[in-house]
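Commentary on secondary and tertiary structure
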Amino acid sequence: MYMQKNDMKSVFAIALLVLMFAVFTSCYHDRTNEHSTSTVYSKEQIDSVSFSKTRHYSENYNFVVKTDSIVLLQQQPEEELNDMLTDSVIVYRHEHIVVADIRILPSDSVDSVWVQVARDQSTFGWIHESELLPHVVPNDPISQFISIFSDIHMLIFLIIISVISVTYLMITIFRRNAKIVHFNDIDSFYPTALALVVALSATLYSSIQLFVPDVWLHFYYHPTLNPFIVPPILSIFLVSVWAILIIGIATIDVVRSILSAGNTFLYLCGLAGICALNYIIFSIATLYYVGYFLWVLYCIYAFYVYFKKTERR
């Protein structure tokens, strides 16, 4: 069993495009580590650097409020701890805030970390870190995207919608004997490659959260699309994300050239449903250590089905 020449060219083109995108995105110079070796830091600066490494944010970091509101203490935290009369100010959903100061109060039994945030020069106040972080998201579109798709309610919604949609599409497709990836596929390897890479990305995504959660947390607070300035496992994940984008565009173009407009829409909807299920199944299964075994079986099945169909042509 051998791939047809067109499919071999397709795989080579995918690899070449991913490499080109990776090279272009790597054209970035990280200035955060530029400093003189003779620089002397004060105790406050050392504490700030230590806090930034463990919490991944520091002073001047920008957040956006993602819940209805958060309540800020206008007085100093010590006044609250000593049950003195205090005032509060409220910031609301979608408002931008910046970290103005961070204080550690060991005497606070609730949370020793207090964060002062400011919306503007007249609206600022203190709040426990444990109360702040669940209600805000970093002011970056990648972080906000991660936050949305990490929400448990969103995951449940995606599972329900995906199962209903895929079930309906599968019934419709089989009744019409239409084309669908893995079952009655078109004469191209792109759809199979896309489904496999989505499954791989989901597996890597959960692996990072499972084994190196601190790496993922740092990525969440300081996101990038450049695979050359992040740890190896995160680099592989980013390359797989770029591959999804590139293969997805190629798949749409190929499907449009093979099928009619109506069948193209139906096929792409079915492919999107399969990819959605792959994301859900492999991201959850990997958290229980069975995702790796499932991905190997899935690869064997996908290649077997594709090559078997190629043999018949």
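Residues numbered from 1 in each chain as written. Predicted model: local features only at pLDDT ≥ 70, side-chain atom pairs only at ≥ 80, totals over all residues. Heavy atoms only, no water.

**Quick notes on the overall build of the protein chain**
What the protein chain contains, in helices and strands, is 11 helices and seven strands. Every one of the 313 residues in the protein chain was classed for burial, and the buried ones make up 39%. Sequence separation of 24 or more characterises 67% of the internal contacts of the protein chain that already satisfy a separation of 6 or more. (Helix = DSSP H or I, 4+ residues; strand = E, 2+ residues; numbered from the N terminus. Buried < 20%, exposed > 50% of the residue type's maximum accessible area, 1.4 Å probe, protein only. Contact = heavy atoms within 4.5 Å.)

**Examining the nonpolar core**
Among the nonpolar cores identified, the biggest contains 32 residues, and Tyr57, Ile70 and Ile97 are the most heavily contacted of them. Among the elements that make up this core, the one with the highest residue count is helix α8 (residues 213-221) (four residues). Not counting residues within four places of it along the chain, the set of residues in contact with Ile70 comprises Val65, Val89, Ile90, Val91, Ile97, Ile127, Leu132, His135 and Val136. In terms of nonpolar packing, the next biggest core, distinct from the first, is built from 28 residues, Phe189, Tyr190, Val254 and Val255 among them. (Core = buried A, V, L, I, M, F, W, Y, C linked by side-chain atoms within 4.5 Å.)

**Section: the environment of Arg103**
Among the structural elements, Arg103 can be located in strand β4 (residues 96-104). Taking C-alpha positions, Arg103 is 9.0 Å from Pro77, a pair spaced 26 residues apart along the chain. In contact with Arg103, not counting residues within four places along its chain, are Gln76, Pro77, Glu78, Ser112, Val113, Trp114 and Trp126. Polar contacts involving the side chain of Arg103 include one to the side chain of Gln76, which spans 2.9 Å. (Polar contact = N/O pair within 3.5 Å; in protein donor to acceptor, adjacent residues only side chain to side chain.)

**Considerations on a nonpolar patch on the surface**
A cluster of nonpolar side chains, contributed by Ile281, Leu287, Tyr288, Val290, Phe293, Leu294, Val296, Leu297 and Ile300, occupies part of the molecular surface with about 850 Å² of accessible area. Going through the elements one at a time, α10 (261-287) and α11 (291-312) are the ones with two or more residues in the nonpolar patch. Of all the elements, α11 adds the most residues to the nonpolar patch, at five residues. Along the chain, Tyr288 falls in the loop between α10 and α11. Residue class for Tyr288 comes out exposed when judged on its relative accessible area of 63%. (Patch = residues over 30% accessible without salt bridge, like charges linked within 9 Å, V, L, I, M, F, W, Y side chains within 5 Å. Areas by Shrake-Rupley, 256 points an atom, 1.4 Å probe, with all protein chains shown as cover. Salt bridge = Lys/Arg side-chain N within 4 Å of Asp/Glu carboxyl O.)

**Describing the packing of aromatic side chains**
Pairs of aromatic rings are described using the distance from one ring centre to the other and the angle between the two planes. On inspection of all chains with the given rule, the structure shows 17 aromatic pairs. Ring plane angle 35° and centroid distance 5.6 Å describe the contact between Phe189 and Phe303, whose orientation is recorded as tilted. Residue Phe189 is located in the loop between α6 (152-176) and α7 (190-211), and its partner Phe303 is located in helix α11; the two are separated by 114 residues in the primary sequence. Note on Phe189: relative accessible area 7%, which makes it buried. Judged by its relative accessible area of 29%, Phe303 falls in the partly exposed class. Ring pairs connect the aromatic residues Tyr57, Tyr61, Phe63, Tyr220 and Tyr221, which therefore count as one cluster. (Phe/Tyr/Trp six-rings, centres within 6.5 Å; stacked < 30°, edge-to-face > 60°.)

**Topic: the side chain of Ser240**
Locating Ser240 in the fold gives a position in helix α9 (residues 232-258). For Ser240, the side chain forms a polar contact with the side chain of Ser201, separated by 2.8 Å. If sequence neighbours within four positions are ignored, Ser240 has contacts with Val197, Ser201 and Leu204.

**Structural notes on the pairing of strand β1 (residues 62-65)**
Pairing analysis gives three bridges linking β1 to β4, with the strands arranged antiparallel. In the sheet register, Asn62 faces β4, and the bridge partner there is Val98. Relative to strand β7 (residues 136-138), β1 runs antiparallel, the two being bridged by three bridges. Pairing of Val65 across the sheet is with Val136, part of β7. (Pairing = 2+ DSSP bridges.)

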